[in-house]
Amino acid sequence: MGIAAGAAVAAILVVLDLGLYGLFDVDYALRILPALSRGLTATLGLVVIVIPLGFLLGFAFGWGRTSHNGVLRWFSTSYVEFFRSMPPIVLIVFTYLITLALLAGNERFDATELAPAVSIVALAAHSGAYQAEIVRAGILSVPESQREAAEAIGMTREQIMYNVTLPQMFRVSLPALGNEFASVIKDTSLLATVSILELTFIGVNLVSTLIQRGGNPDLVFVVWIEIAALYFVLTFAVSRILHTVERRYRVPGLEAPQL
Amino acid sequence: MIAAKGVHKWFGTLHVLKGVDLTVEKGDVLVIVGPSGSGKSTLLRCLNLLVIPDEGDILIDGVKVNDPKVRPEWVRQQVGMVFQSFNLFTHLTALENVVIGLRKVKRMPRADAERIALRELERVGLADKAEAYPAQLSGGQQQRVAIARALALNPKAVLFDEPTSALDPESIREVLGVMMKLADEGMTMVVVTHEMGFAKTVADEVLFMADGQILERGTPGELFAHPRTDRARAFVSQVLG
Ligand SMILES: Nc1ncnc2c1ncn2[C@@H]1O[C@H](COP(=O)(O)OP(=O)(O)OP(=O)(O)O)[C@@H](O)[C@H]1O
Ligand SMILES: [Mg+2]
């Protein structure tokens, strides 16, 4: 139902543009839809890699930042500070260039294939830094007295982590994580700079083909409206899924801060 | 049953426990009183090894338990604890709060754990609140669930750290009622409290603590009626008066 609502809003946006410009060429829109759908599928694939990978990194380093171990804390903090202070596009391009340079003259790996793949990891590392902060805040939101009560009934450190800290942290962090996931979806478009064939890259290609072939420049709008609608649908769907999870696990007294 | 022998504890340079001795026999109720900051909570936490003594021994049934060979988790199963601020697990219902120890610590199958948990909730008069979350319960109800959570593990003794200090008069009565019933049933209890009425009715022995030491000990009659030290006298007149 949420997805349907999202599609409806997207459709309204499209119709509005149609009214405003009187240039929505439905034929052309349908003709480029298969190509853009392939782009959407690729973007979805990126999202499915970057979000879990970023979450793992975020979880590890967020936990590390709250650790009693000074070395672990220092390392985790450095990670977060470094990746948060870089624009993701810079990270992506740098990673790409460095991988290319490292693989120059290497016969076993195809640098042009491997470099974009490694850039995907760079984006995950960037998101991981943000997710680490969310995880850290979540952990800190669980009062020490909760862990103490668990200790007092004889639970081990691991049991306390799985049964007390994590479930509470997770509930408090969900809205912030949802925000970050939406951010990641949109940031995958930056991977177009290293020639990954995702939605934005395919859109840009369609536009340049259009221009090269001397097509109607107004059709550029159609391409971008369609791209916008597809991103919207994807982001909206993810946001609805998270909202459902949030509702499913809602507990009185542990309401997550509304964003 | 539980004993502390010459227990010292430092927090940094702060000497919080300065050689404390105590013994609680099976079925006895020991009440600890004393001014704020005298080390009552720290002493209680030493008894279930939430705080590890720097010097001295904690004995359970004559066995030294502050020993690397003894798992502190095992000790905490033997000695339950009830906190001033209840500390129920916020994300779990009353029933699940009691079940979790049985499942995770005692590794009991769910059906058995739920049966025992319900029995314990009945014991504190809260079977009808089994599905409520802590935020939906009054302070007194939360504290009774916390007592049920401690009792469910079938401990040899239960420690209470000012269990009624955060409660309104009505809730204080509820919780003290449950504690008195427990004492009647022969539960071994160590209670830090300023509820002199409770101490007078159920305590077998009262300890007066000040500055990390036990200054006086005796039956509630002796200690409250005829305190020997100036500090105890001042404290008693302040609390009773
Ligand atoms: N974890 C800790 N780290 C450092 N200092 C502590 C710690 N726990 C307690 N203290 C200090 O030890 C002293 C004794 O504290 P404790 O909580 O045992 O006193 P108390 O008798 O229970 O007091 P109250 O009646 O206020 O609960 C206090 O000065 C307290 O600040
Ligand atoms: Mg205290």
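Since the structure is predicted, the reported quantities are computational estimates derived from the model, not experimental observations.

Things to note about the side chain of Asn97(B)
- Tracing the backbone through its elements, the reader meets Asn97(B) in helix α3 (residues 94-105).
- There is a polar contact of 3.0 Å between the side chain of Asn97(B) and the backbone oxygen of Leu92(B).

A look at the site of ligand 1
All names here are of chain B.
- For ligand 1, the full set of nearby residues is Phe11, Leu14, Val16, Pro35, Ser36, Gly37, Ser38, Gly39, Lys40, Ser41, Thr42 and Glu162.
- Here an oxygen atom of ligand 1 sits 2.8 Å away from a polar atom, N or O, in the main chain of Gly37.
- Contact distances for ligand 1 include 2.7 Å between an oxygen atom and a side-chain N or O atom of Ser41.
- Considering ligand 1 on its own, with 630 Å² of exposed area, one finds that the protein chains cover 57% of that surface.
- Within the residue set of the shell around ligand 1, elements represented by two or more residues are β2 (14-24) and α1 (40-47).

Observations regarding the side chain of Ser67(A)
Residues and elements named next belong to chain A.
- Residue position: Ser67 is located in the loop between α2 (26-65) and α3 (70-84).
- Classification of Ser67 as buried rests on a relative accessible area of 15%.
- At a separation of 2.8 Å, a polar atom in the side chain of Ser67 contacts the main-chain amide nitrogen of Asn69.

Thoughts on the pairing of strand β6 (residues 79-82) of chain B
All names here are of chain B.
- Of the two faces of β6, the one carrying Val79 and Met81 and the one carrying Gly80 and Val82 are both buried.
- Pairing geometry for β6 and strand β7 (residues 157-161), over 4 bridges, is parallel. Paired with Gly80 across the two strands is Val158, which belongs to β7.

As for the nonpolar core
- Ile147(B) and Met189(B) are the most contacted members of the largest nonpolar core, which has 98 residues in total.
- Those residues within four positions of Met189(B) in sequence are excluded, and the remaining contacts are Val24(B), Asp28(B), Val29(B), Leu30(B), Val158(B), Phe160(B), Met179(B), Leu182(B), Ala183(B) and Phe198(B).
- Residues Val50(A), Ala115(A), Val184(A) and Leu230(A) belong to the second largest nonpolar core, which totals 41 residues.

Focus on a nonpolar patch on the surface
- Among the surface-exposed residues, Val26(A), Leu30(A) and Leu33(A) lie close enough to one another that they form a single nonpolar patch of about 250 Å² accessible area.
- With respect to the element layout, Leu30(A) can be found in helix α2.

Notes on the packing of aromatic side chains
Residues and elements named next belong to chain A.
- This structure, assessed with the given rule, holds 9 aromatic pairs over all chains.
- With a centroid separation of 4.7 Å and an interplanar angle of 45°, the aromatic rings of Tyr79 and Phe83 are classed as tilted. Separated by 4 residues within a single helix, Tyr79 and Phe83 lie in helix α3, roughly one turn from each other. Each member of the pair, Tyr79 together with Phe83, is buried.
- Ring centres of Phe170 and Tyr249 lie 5.6 Å apart, and the angle between their planes is 80°; this geometry places the pair in the edge-to-face category. Taken together, the residues Phe170 in helix α7 (residues 157-187) and Tyr249 in the segment after α9 (219-248) connect sequence positions 79 residues apart.
- Since its relative accessible area comes to 29%, Phe170 is described here as partly exposed.
- Members of the aromatic cluster, connected to one another through ring pairs, are Phe61, Phe75, Tyr79, Phe82 and Phe83.

Re the pattern of salt bridges
- For the structure on display, the rule yields 20 salt bridges over all chains.
- Ionic pairing is found between Arg65(A) and Glu133(A), a salt bridge with its closest N-O pair at 2.6 Å. Residue Arg65(A) is located in helix α2, and its partner Glu133(A) is located in helix α5 (residues 111-141); the two are separated by 68 residues in the primary sequence.
- Given a relative accessible area of 15%, Arg65(A) falls into the buried group.
- Given the relative accessible area of 17%, Glu133(A) is considered buried.
- When the shortest N-O distance is used, the salt bridge between Arg144(B) and Glu174(B) registers 2.5 Å. With Arg144(B) in helix α5 (residues 139-152) and Glu174(B) in helix α6 (residues 169-184), this pair connects stretches of sequence that are 30 residues apart.
- Given a relative accessible area of 11%, Arg144(B) falls into the buried group.

A word on the interface of chain B and chain A
- Tallying the contact residues gives 25 residues for chain B and 21 residues for chain A.
- Carbon and sulfur atoms supply 61% of the area that chain B and chain A bury against each other, a total of about 2,000 Å² over both sides.
- By the criterion of area lost to chain A, the three top residues of chain B are Phe89(B), Thr90(B) and His91(B), representing 29% of everything that side buries.
- Linking chain B with chain A are 2 salt bridges, by the criterion used here.
- In this structure, the salt-bridge partner of Glu148(A) is Arg45(B), at a minimum N-O distance of 2.2 Å.
- The tally of links from chain B across to chain A stands at 7 residue pairs in polar contact (both at pLDDT 80 or more).
- Put simply, the parts of the chain that give the side of chain B that touches chain A at least two residues each are α2 (72-78), β6 and α3 of chain B.
- Per-element accounting of the side of chain B that touches chain A gives the leading share, 4 residues, to α3(B).
- Here the side of chain B that touches chain A is composed, by residue class, of 11 nonpolar, 7 polar and 7 charged.

Focus on the sheet that holds strand β9 (residues 205-210) of chain B
All names here are of chain B.
- Within the open sheet, the 6 strands sit side by side as β6-β7-β8-β3-β9-β10. Their pairing is mixed. The open sheet has two edge strands with one neighbour each: β6 and β10 (213-218). Neighbour to neighbour, the strand axes of the sheet diverge by 20° on average, direction disregarded.
- Alignment of β7 against strand β8 (residues 188-192), held across 5 bridges, turns out to be parallel. Within β8, the residue paired with Val158 across the bridge is Met189.
- The strands that α5 touches are β6 and β7; relative to β6, the one it contacts most, it runs at about 170°.
- Here helix α9 (residues 230-240) sits on the sheet in contact with β3 (29-33), β9 and β10, set at roughly 110° to β9.

Thresholds, definitions, all that
- Residues numbered from 1 in each chain as written.
- Chains lettered and ligands numbered in written order.
- Predicted model: local features only at pLDDT ≥ 70, side-chain atom pairs only at ≥ 80, totals over all residues.
- Heavy atoms only, no water.
- Helix = DSSP H or I, 4+ residues; strand = E, 2+ residues; numbered from the N terminus.
- Polar contact = N/O pair within 3.5 Å; in protein donor to acceptor, adjacent residues only side chain to side chain.
- Near = heavy atom within 4 Å.
- Areas by Shrake-Rupley, 256 points an atom, 1.4 Å probe, with all protein chains shown as cover.
- Buried < 20%, exposed > 50% of the residue type's maximum accessible area, 1.4 Å probe, protein only.
- Pairing = 2+ DSSP bridges.
- Core = buried A, V, L, I, M, F, W, Y, C linked by side-chain atoms within 4.5 Å.
- Contact = heavy atoms within 4.5 Å.
- Patch = residues over 30% accessible without salt bridge, like charges linked within 9 Å, V, L, I, M, F, W, Y side chains within 5 Å.
- Salt bridge = Lys/Arg side-chain N within 4 Å of Asp/Glu carboxyl O.
- Phe/Tyr/Trp six-rings, centres within 6.5 Å; stacked < 30°, edge-to-face > 60°.
- Buried area = accessible area lost by both parts, 1.4 Å probe.
- Nonpolar A, V, L, I, M, F, W, Y, C, P; charged D, E, K, R; others polar.
- Axes fitted to C-alpha atoms, helices over the stretch in contact; angles between N-to-C directions.

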